[in-house]
Amino acid sequence: QVQLVESGGGWVQPGGSLRLSCAASGDIYTVYTMNWYRQSPEKQRELVASITSIGNTNYADSVKGRFTISRDNAKNTVYLQMNSLKPEDTAVYYCNADLMRYSDFEVAHYWGQGTQVTVSS
């Protein structure tokens, strides 16, 4: 069994900051790429940022320069530091990860349950 648990969402005023965390636990041998997605009622789920196991990162154009993705491999945890937040950043944020299970050495894709981020005045 593998779990991805997000935390750190909430309400913030425009221009504010939040830091999301996502911890993977359970039947894990190694974690490969970790990603943050977001989805709002008006839009399809979109990739916000990704980070490989060696720290290479990629960002959506809409968040470049404002969001920073990082990870702690020892803790199987990925973070998303969000600065200069805008109302259009309001969404449910999901993390996911490609990882190899310890029990069978199979690679599989897992999602967290999501955390709400609301940016409004």
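The structure this text deals with has already been given above.
Below is a short write-up of the structure.

Parameters at a glance
Residues numbered from 1 in each chain as written. Predicted model: local features only at pLDDT ≥ 70, side-chain atom pairs only at ≥ 80, totals over all residues. Heavy atoms only, no water. Buried < 20%, exposed > 50% of the residue type's maximum accessible area, 1.4 Å probe, protein only. Helix = DSSP H or I, 4+ residues; strand = E, 2+ residues; numbered from the N terminus. Pairing = 2+ DSSP bridges. Patch = residues over 30% accessible without salt bridge, like charges linked within 9 Å, V, L, I, M, F, W, Y side chains within 5 Å. Areas by Shrake-Rupley, 256 points an atom, 1.4 Å probe, with all protein chains shown as cover. Salt bridge = Lys/Arg side-chain N within 4 Å of Asp/Glu carboxyl O. Disulfide = S-S within 2.5 Å.

Describing the pairing of strand 11 (residues 115-119)
Piece 1. Of the two faces of strand 11, the one holding T115, V117 and V119 is buried and the one holding Q116 and T118 is not buried anywhere.
Piece 2. Examined bridge by bridge, strand 2 (residues 10-12) and strand 11 share three bridges and lie parallel to one another. Bridge assignment links W11 to a residue of strand 11, and that residue is T118.
Piece 3. Relative to strand 11, strand 9 (residues 91-100) runs antiparallel, the two being bridged by three bridges. If you follow Y93 over to strand 11, its bridge partner there is T115.

Points about the pairing of strand 5 (residues 46-51)
Piece 1. Alignment of strand 4 (residues 30-39) against strand 5, held across five bridges, turns out to be antiparallel. Each bridged residue has a counterpart across the sheet, and for N35 the counterpart in strand 5 is S50.
Piece 2. Hairpin connection of strand 4 to strand 5: six residues between the antiparallel strands.
Piece 3. Pairing of strand 5 with strand 6 (residues 57-59), which is carried by three bridges, proceeds in the antiparallel orientation. Its bridge partner being in strand 6, I51 is matched across the sheet by T57.

A short note on a nonpolar patch on the surface
Piece 1. Together, Y29, Y102 and F105 line one region of the surface with nonpolar side chains, adding up to about 380 Å² of accessible area.
Piece 2. For Y102, the position within the fold is in the loop between strand 9 and strand 10 (107-111).

A short note on the state of the cysteines
Piece 1. Inspection of the entire model under this criterion finds one disulfide.
Piece 2. Here C22 is linked by a disulfide to C95, with a sulfur-sulfur distance of 1.9 Å. Note on the C22 and C95 pair: the S-S dihedral is about 40 degrees, so by sign convention the disulfide is right-handed. Here C22 is found in strand 3 (residues 18-26), whereas its partner C95 is found in strand 9, with 73 residues between them in sequence.

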